[in-house]
Amino acid sequence: NINNDFKIDLGLLQLITPNIEQVSGHTKGNLIFDGIYPKFDYKLNLGVDLEKLKLRNVPGLFEDFQIGVIQNKSLFSINKFKGKYGKGDVTIGGNIKFEGKEPQLNLTYELSSIKYDFFKKSSANFSGSGFLRGESKPYILNGNFLLGNADIKDSISDLTQGQGTNVNYNKWLPKKINTRA
């Protein structure tokens, strides 16, 4: 039986991927190995205190996230995932099962008073909840949202010119929208 406690500064993530522009916080946890080689089990308890996270090509800042997860064999359970994005609240829960070629997802999310900036000067506030589920790709993303308010402050000429700040999301949209033959 091996029991190991650890604490890691999240700034190390910037060395792993160029998609993180700014990050502060730390992760701490406990990793337990039990059994005899080559057959052993492990359990991971992980807590994350994420103070700030800025991702490349994603508007806004993720702040004050408290995350608690447990991994036991192939099951990764999210016990706590709460924080702020766009001055609103984000909560995620559920589990991810790592068996087979692709992970099986069973996640729920809740968003409350999220401020989303678009174009150059405009923004919208929305709330909603939903889920991300499935045994393989394509996963099912479902949700119900309520638009609280939207402030369109860009001039008409700004709205009709080419592209605004949303252009970064085009890579996530399907290339072919009309699927009828």
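Conventions adopted
- Residues numbered from 1 in each chain as written.
- Predicted model: local features only at pLDDT ≥ 70, side-chain atom pairs only at ≥ 80, totals over all residues.
- Heavy atoms only, no water.
- Helix = DSSP H or I, 4+ residues; strand = E, 2+ residues; numbered from the N terminus.
- Contact = heavy atoms within 4.5 Å.
- Areas by Shrake-Rupley, 256 points an atom, 1.4 Å probe, with all protein chains shown as cover.
- Buried < 20%, exposed > 50% of the residue type's maximum accessible area, 1.4 Å probe, protein only.
- Polar contact = N/O pair within 3.5 Å; in protein donor to acceptor, adjacent residues only side chain to side chain.
- Pairing = 2+ DSSP bridges.
- Phe/Tyr/Trp six-rings, centres within 6.5 Å; stacked < 30°, edge-to-face > 60°.
- Lys NZ or Arg CZ within 6 Å of the ring centre and 35° of its normal.

Asker: Any details on the overall build of the protein? Residues and values, ideally.
Answerer: Helix and strand counts for the protein come out as 2 helices and 9 strands. Considering only contacts in the protein between residues 6 or more positions apart, those separated by 24 or more positions represent 39%. A total of about 12900 Å² of accessible surface is found on the protein, and carbon and sulfur atoms cover 55% of it.

Asker: Break down the side chain of Gln71 for me, with residues and values.
Answerer: Secondary-structure assignment places Gln71 in strand S4 (residues 62-72). Judged by relative accessible area, which is 15%, Gln71 ranks as buried. In terms of polar contacts, Gln71 uses its side chain to reach the backbone carbonyl oxygen of Lys73, at 3.2 Å. Once residues within four sequence positions are removed from consideration, Gln71 is found in contact with Tyr42, Lys43, Leu44 and Phe76.

Asker: Give a detailed account of the pairing of strand S1 (residues 2-9), specifying residues and quantitative values.
Answerer: Taking burial as the measure, the 8 residues of S1 include 0 buried ones, a minor fraction of the element. Of the pairings in the sheet, the one linking S1 to strand S2 (residues 20-36) comprises 8 bridges and is antiparallel in character. Bridge pairing links Asp9 to His26 in S2.

Asker: Let's hear about unusual backbone geometry: which residues, and what values?
Answerer: Between Lys137 and Pro138 the backbone carries a cis peptide bond, its omega angle lying at -5°. In this model, Lys73 sits at a positive phi of 60°, which is unusual for a non-glycine residue. In this fold, Lys73 is placed in the loop between S4 and strand S5 (75-85). Despite not being glycine, Ser113 has its phi angle at roughly 55°, a positive value. Looking at the element boundaries, Ser113 is found in strand S7 (residues 104-118).

Asker: I'd love a proper account of the packing of aromatic side chains, names of residues and values included.
Answerer: Inspection of the entire model under this criterion finds 10 aromatic pairs. Consider the rings of Phe33 and Tyr42, whose centres lie 6.4 Å apart with planes at 45°: the pair is tilted. Owing to a relative accessible area of 30%, Phe33 belongs among the partly exposed residues under this scheme. One aromatic cluster is present, built from ring pairs that chain together Phe62, Phe65, Phe81 and Tyr85. We note Arg133 situated over the ring of Phe131; from NZ or CZ to the ring centre the distance is 4.0 Å.

Asker: Can you lay out the environment of Gln104 for me, pointing to particular residues and giving the numbers?
Answerer: Among the structural elements, Gln104 can be located in strand S7. Measuring from C-alpha to C-alpha, the distance between Gln104 and Glu135 comes to 4.2 Å, with 31 residues separating the pair along the chain. Discounting chain neighbours no more than four positions away, the residues touching Gln104 are Asn95, Ile96, Lys97, Glu99, Gly134 and Glu135.

Asker: So what's going on with the environment of Phe81? Which residues, and what values?
Answerer: Assignment of secondary structure puts Phe81 in strand S5. Once the C-alpha coordinates of Phe81 and Gly93 are considered, the two residues, 12 residues apart in sequence, prove to be 6.5 Å apart. Setting aside its immediate chain neighbours within four residues, Phe81 contacts Phe65, Gln66, Ile67, Val90, Thr91 and Ile92.

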